[in-house]
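# Examining the three-dimensional arrangement
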Amino acid sequence: MIQGKDGKYRWVYEVKLMRNFAILWEVYRALIITCGITFFIIACISVCADGVDAFSGFPFDIKFIAIFVAGMLVLGFLGYVLYAAISGWKYVIRFTMTDKEIIHEQMPSQVKKAQAISMITVLAGLASKSPGTIGTGLLAARTTSVSTFKDVKKIKAVRRSNLIKVNESLSRNQIYVEEQDFDFVYQFLCQHCPNAKHE
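Residues numbered from 1 in each chain as written. Predicted model: local features only at pLDDT ≥ 70, side-chain atom pairs only at ≥ 80, totals over all residues. Heavy atoms only, no water.

## Some thoughts on the pattern of salt bridges
- For the coordinates displayed, the defined rule picks out seven salt bridges.
- For the salt bridge of K150 with D151, the shortest nitrogen-to-oxygen distance reads 3.5 Å.
- By relative accessible area, which is 54% here, K150 ends up exposed.
- With a shortest N-O distance of 3.1 Å, K154 and E199 are connected by a salt bridge. With K154 in strand β6 (residues 154-158) and E199 in the segment after β9 (197-198), this pair connects stretches of sequence that are 45 residues apart.
- A relative accessible area of 32% means that K154 is categorised as partly exposed.
- Within the structure, one salt-bridge network assembled from shared partners comprises E14, K16 and K90. (Salt bridge = Lys/Arg side-chain N within 4 Å of Asp/Glu carboxyl O. Buried < 20%, exposed > 50% of the residue type's maximum accessible area, 1.4 Å probe, protein only. Helix = DSSP H or I, 4+ residues; strand = E, 2+ residues; numbered from the N terminus.)

Dropping the structure here:
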């Protein structure tokens, strides 16, 4: 970690994608939320169209839902492994931290790969009419995320993964820090995020 003359802290972190699965869990979380929203919309449409009898039909078939969700999780894992392979089994991130925000940027050498992969994923989702796949592709297209400290609601330390989760109401950011700098960054975030709960 280096503090520049402008007062900003900067560092680069390399995530080994097949050793640190924090990113995979975020992919799974996005898939599960997407599946939940999809089934909720289907359920609402069915109830409006068929009334209470819709509860005995397709949208509420627990076995179908379980198989569908399991299939999406398998596809999510295969997509993650494909992404890891194309990215050289690593995800390289540059962080910039000021007293007002922290910026998470995918390194330029990987940005084009990430954008190409996300476009392929979105197109595959459109072709298969799968909102889960489309959502995953759009999430992958993000190469920069910014957490504004005054908007942060929760800070959670996951030391075994060298990870600090910085969550706002509608967005989540993952801050990776080397072990020797972990406590400093965690305390800095706690001190500069006045509305955040700490874990």
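## Some remarks on the pairing of strand β4 (residues 101-106)
- When strand β3 (residues 90-97) meets β4, the two strands line up antiparallel, connected through five bridges. By the bridge assignment, M97 is partnered in β4 with I102.
- Adjacent in sequence and paired antiparallel, β3 and β4 are bridged by three residues.
- With five bridges joining them, β4 and strand β5 (residues 144-148) adopt antiparallel strand pairing. The residue bridging E101 from the neighbouring strand is T148, located in β5. (Pairing = 2+ DSSP bridges.)

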